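Reading the structure
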Amino acid sequence: MLLSLSWLRELTPYQGTAQELADRLTMLGLEIEDIFNPFEAIMGVVVGRVLTRQAHPDSDHLSLCTVDVGGESPLPIVCGAANVAAGQLVPVATVGVSLPGGLTIKKSKIRGQVSEGMICSESELGLAEEKSPGIMVLPETCQVGTPLPEALSLDTCVLDVSITPNRADCLSVLGIARETAMAFDLPLTLPEVAYAESGPEAAKELAIDIEDPQQCPVYRAKIISGVAVAPSPDRIRWRLTAIGQRPISNIVDATNYVLFELGQPLHAFDRAKLAGNVIKVRNAAEGEAIVTLDGQERKLTARDLLICDAEKPVALAGVMGGANSEMADGSSDVVLECAVFRPGTIRKTARRLALPSEASYRFERGVDQVGSVYALNRAVALMLETAGGTARPGVAMAEPKPFTPRGIGFRPARATMLLGEDMPEDFCRKVLSGLGCQLSETDPSGVIAVTPPSHRLDLEREADLIEEVGRVYGLDRIAPRLPRVSKALDDVPAESEFGFWSRVRTFAVGLGLREAVNYSFVGHADLDILCLDAACRVSVANPLSEDQNVMRPMLAPGLLATVRHNLSHGNANLRLFEVARVFAADAMSETSAREAGRLGIALHGLRHPDGWPWPKDELAGYGDIKGIVEALIAHFKLPAGVYARDDSLPWLAPQVVVTVGGKRLGVIGQVTPEVADAYHARHALWLAELDLDALRALADGVKRGFKALPSFPPVRRDVTLAAAAGVAVGDVLTAIAEAKAAIFEDVLLIDAFTPEGTDERRLTFRLTYRHPEKTLKDKEVDKVHEALVAAVLAKLPVTRP
Amino acid sequence: MSGLSLVAELEGLVEACAARLDRALALEELEAARVEFLGRKGQLAAVMSRLPGLDPDARREAGKAANAVKERLTALYDARLADLNRAAMDVALAGFDPTVPGYAPAAGSLHPVTLVTAEICKALEELGFSIVTGPEIETDYYNFEALNMPPEHPARDMQDTLYISDSIVLRTHTSPLQIRTMLASKPPVAVIAPGKVYRRDSDLTHTPMFHQIEGLLVDEGVSMADLRGTLTAFVRRIFGPKTNVRFRPSFFPFTEPSAEVDISCVLCGGKGSTASGPCRVCKGTGFVEILGCGMVDPNVFDAVGYDTERYTGFAFGMGVERVTMLKYGIGDLRMFFENDIRFLSQF
Ligand SMILES: [Zn+2]
């Protein structure tokens, strides 16, 4: 909320600086975001007196003036306004001054005549919205040479106060004045309201009919007749301008003025446009419509609240008036509404229709039902003052649900306990009564019955009162103390998901991968490119953009976007990983989605770091990414993975499914050129995506244990096999293992090549044999080895070259 | 022939050999010299072959002398060999370049958000908190309602929400973990919950996804002083021992009292200005906002069935990106999710 310091000073005599006030209010929970001068742009404009005026020799609409701006000598100024005259006090923008419209005044020659400034109109100064017909003529009270904002007593100091949702009472000058008065021990004075009334009683001319007291606990209306709709006086227009509001007319401005001053929204109806002598407050019928005063037709639901006359809806309660009843030029009789509506109702309507307003903002946070009486009178007085007319005696009103103050039990001892700092009873009493609460005597059990004032709707429970005591004491004064965190002896938490992920991350970093963090949402289009199942997708109902409208079912789209970003910035060699959740629709889940942890890996470009002594021109390939997966599996002491070709994802080829201990761990593959191209990849782009939940379950099942080191030496035998096309290394390894030779310990592929002109691969394996209890003799090993090789030859289309 | 002349001849060999060894500048020349003097057909052998022709006394005398000369020749040779070897080594070492690049394996790195999350979690774990995690897609109930934000509550405006459906949201904070944790266990509770959160907000200072860490401590007798102590200790761990915290009253629906926590500015040390003018990090205030906290609202305890008279607790939550930006001096929030390796490799 924008708060004018001079407006505040009309309610409480605060004499300190804006900064001191800002600091104090901030520490009371009213954060000041900014302090600024809304008239900064015209601070360089000064009051000048036109000494002489004569017609421009070469123009029939320009005048040559000399203007005293308090300087050594008068300034020659060429002025184009018809109303300029000698003797006037006028605002003058001197050379070097920049006006709100962006115009910077320069010394210039206008049709041959020197001009050293500009006499300004109201609109040129940003003080009026519509183009002014002529220059602004200032009252004689202004001093020549004074900066204009000062001369006009404009509100040059505005504080931007951030009001938290609980402090509806502070959405007004009055509310912040209350806090200021309390903080600096100052009196609070409300403007005096007095006006004459005449004619028939308002209540006799207008009946108020409230259908549901819950929706509208009170509705008051004053009738004023004979007003003249016109622009507001300058001080009201400029004050509203200072806080960012557009002045409209004396009637509307009076309601806005009171809204900002006291926090009570009001609405002025043109009485002539109201049918019958009744105001009805009722819920809309489903599908009913009203044209609001912005000219839009609004379709309503039964949850919206309407203000109606005898025949038709005339306002959307608390949100916006109706076009059919608004005050216009020529309107003369006003029905001025001052009501309180149910916050939730107003909020729902304002949100659904996307019609936030200063009024709905206050209604949905709660307005002071008791204070509304004064607010209504204040608005009437302002209208009578600025628009003339006569107020009818009394108020047309219904208050089916009067404000009932509630008593709250408050224990100073509880405040001391919760705040961790001694809060003596007399201090608590001083704070709470300073906030306007009524306090009872302390009962024998140490409880004070506290009745908060009607403007503090947020004070409902003891905790709220303790907060007030703490806030005024200063939360920042509470001495810090480290808690003793007590835990049950059997509270031994298992490793958290975060902990397991940390181990995976550390491992990946050790293998030279850089961690990426991508948004969890991608675009449906990204998933379409990757042909990912539409049925399982979790869509965002109100995404910020088309490329963030679905939760990612795989890490791949995000990693691909990271690859694209890097390649387009010249980072060609990429070794990336990401650890995050993926999402799939799941009707059985309480959140309608299933979340799973994933490790994604992407490799692109050189296999090795760039530069000597690493080999050049070797690109990362299947072996590199598979090696990382193998190392990960080994790191968690799992049995070796099984790698089988697959084609379920059409954008990965080759594509390999990794299984460990019968559990699917994930997929490895090369992104097909067409898809890789869409992500700017020039080299092979390899991805792996592993299921961290599966990995964690597998890793949790591993029991680490010690095996005695072998006492006897191993014997090794190499064998080279020529494997026909289609025989996988894994087939041979499996056949060797399945030969189940008694002293066989291990096998390692040590060479593989395809001789030119053949499609047979030569595979050399090194087999290790060992006996647990004796040193093997060559002859024994030879026999076993030959039998093992023979078994492999018998099983697979392999030969010994 | 007399023994004496033979002895004199042997002595002569020493000098000749020494001169010859000195002339040998390479190992091959040295070997040739060795063969010439000490070889089976060398000069020493030639002299010694004449020993049998002497009478026994002279032979013994000359034999002794011959052995002594052999030892001296061998010593001369060994010394020269060591010299030449040392010289060869010097030549070899002279060409050794300690500055050639090594076979450094590819370097990996943790994302700065991960680094700072881990650091924060570690600091809090050492204070006795345990880590919990929970779903990122949440029910409206856990994300709002149980946290004292019933439907139509204006506090819901504080966070623009991304919805999956009317009752399912992308969690807007890690606070649902407060509810999930308390429903699952009885006090005392001391947990922290790191994770991704989502808001419908995207501009220079907001991204639609970011990371938070939530903390919750519930026990008998927990007070705001404990909260201040915990956060002070934690902030000093992360930002250094001179860091001060400032509590400003604020509002969160699920805590009462609530406070925003500012820390003394990491750039200007709280002075509000640097040599080059007003501090750009704290905009001259000397403080930067870093987290929100408060005492658990009794309505939240009601929602999870905790006795509001017996137990009190505090909760706090902070944005990891914000902490990371302050800690590492990162100016642009968007860099976190672009994953440019020139950015990633700095951490
Ligand atoms: Zn600073």
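Parameters and conventions
- Residues numbered from 1 in each chain as written.
- Chains lettered and ligands numbered in written order.
- Predicted model: local features only at pLDDT ≥ 70, side-chain atom pairs only at ≥ 80, totals over all residues.
- Heavy atoms only, no water.
- UniProt positions renumbered as here; feature names shortened; annotations may be inferred.
- Helix = DSSP H or I, 4+ residues; strand = E, 2+ residues; numbered from the N terminus.
- Donors = N, O, S within 2.8 Å, 3.2 Å for Na, K, Ca; no water.
- Tetrahedral: all angles 85-135°; square planar, octahedral: opposite > 155°, others 65-115°.
- Buried < 20%, exposed > 50% of the residue type's maximum accessible area, 1.4 Å probe, protein only.
- pLDDT = per-residue confidence, 0-100.
- Contact = heavy atoms within 4.5 Å.
- Pairing = 2+ DSSP bridges.
- Expected span 1.5 Å × (residues − 1).
- Phe/Tyr/Trp six-rings, centres within 6.5 Å; stacked < 30°, edge-to-face > 60°.
- Lys NZ or Arg CZ within 6 Å of the ring centre and 35° of its normal.

Those places that UniProt annotates as "domain: FDX-ACB" (unreviewed entry) correspond, in this numbering, to residues 710-801 of chain A. A distance of 34 Å separates the end C-alpha atoms of residues 710-801 of chain A, which is 30% helix and 33% strand.

Moving on, we come to the coordination of the zinc ion. Each donor-metal-donor angle in an ideal tetrahedron of four donors is 109.5 degrees, and each such angle in an ideal octahedron of six donors is either 90 or 180 degrees. Residue and element names in this part refer to chain B. At 2.2 to 2.3 Å from the zinc ion lie its protein donor atoms, namely Cys 265 (SG), Cys 268 (SG), Cys 279 (SG) and Cys 282 (SG). For the zinc ion, the 4 donor atoms in the first shell make angles of 104 to 116° at the metal, so the coordination geometry reads as tetrahedral. Read in sequence order, the donor residues coordinating the zinc ion give the pattern C-x2-C-x10-C-x2-C.

Trans is the prevailing form of peptide bonds, just as negative phi is the prevailing case for residues other than glycine. Note that the residue after Trp 612 of chain A, namely Pro 613 of chain A, is joined by a cis bond; omega there is 5°. Inspection of the secondary structure assignment puts Pro 613 of chain A in the loop between β31 (593-604) and α17 (622-635). For the peptide bond that leads from Pro 187 of chain B to Pro 188 of chain B, omega is 0°, which places it in the cis range. Turning to its location among the elements, Pro 188 of chain B is positioned in the loop between α7 (176-184) and β5 (189-198). For Ser 592 of chain A, which is not glycine, the phi dihedral falls at a positive 65°. Of note in this structure, Lys 283 of chain B is not a glycine but carries a positive phi near 55°. Along the chain, the position of Lys 283 of chain B falls in the loop between β10 (277-278) and β11 (287-296). Taking relative accessible area as the criterion, Lys 283 of chain B reaches 71% and is therefore assigned exposed.

This paragraph deals with the confidence of the model for chain A. Within chain A, residue pLDDT values average 94, and 100% of them lie at 70 or more. Confidence, expressed as mean pLDDT per element, reaches its minimum in chain A at strand β7 (residues 108-110) of chain A with 86 and its maximum at strand β26 (residues 514-515) of chain A with 98.

Under the present numbering, the feature "binding site: Mg(2+)" (unreviewed entry) in UniProt falls on Glu 256 of chain B. Residue position: Glu 256 of chain B is located in strand β8 (residues 255-264). Looking at Glu 256 of chain B, the relative accessible area reads 6%, which means it is buried. Every residue in contact with Glu 256 of chain B, bar those within four places of it in the chain, is listed here: Leu 418, Arg 461, Ala 463, Asp 464 and Glu 467 of chain A together with Met 295, Val 296 and Asp 297 of chain B.

It is worth spelling out the pairing of strand β11 (residues 207-210) of chain A at this point. Residues and elements named next belong to chain A. What you see with β11 is a clean split: Ile 208 and Ile 210 sit on the buried side and Ala 207 and Asp 209 on the side with no burial. Two elements, β11 and strand β14 (residues 278-283), share 4 bridges in a ladder whose sense is parallel. If you follow Ala 207 over to β14, its bridge partner there is Val 278.

Residue and element names in this part refer to chain A. With 14 residues, helix α14 (residues 497-510) should reach 20 Å at 1.5 Å per residue; the first-to-last C-alpha distance of 20 Å fits that figure. Along α14, the residues classified as buried are Glu 497, Phe 498, Gly 499, Phe 500, Trp 501, Val 504, Arg 505, Phe 507 and Ala 508. At the exit of α14 stands Gly 512, carrying a positive phi of roughly 80°.

All right, on to the packing of aromatic side chains then. Summed over the entire model, instances satisfying the criterion amount to 21 aromatic pairs over all chains. A ring pair is formed by Trp 7 of chain A and Tyr 257 of chain A, whose centres lie 4.5 Å apart and whose planes are at 35°; its orientation type is tilted. You can see Trp 7 of chain A sitting in helix α1 (residues 5-11) and its partner Tyr 257 of chain A sitting in helix α7 (residues 250-262), a full 250 residues away along the chain. Its relative accessible area of 1% is what places Trp 7 of chain A among the buried residues. Taking 6.3 Å as the distance between ring centres and 80° as the angle between the ring planes, the aromatic pair formed by Phe 129 of chain B and Phe 316 of chain B counts as edge-to-face. Here Phe 316 of chain B lies in strand β12 (residues 312-319) and Phe 129 of chain B lies in the loop between α5 (112-126) and β1 (130-131), a separation of 187 residues in the sequence. When sorted by exposure, Phe 129 of chain B lands in the same class as Phe 316 of chain B, which is buried. Lying across the ring of Tyr 643 of chain A, Lys 626 of chain A places its NZ or CZ 4.2 Å from the centre.

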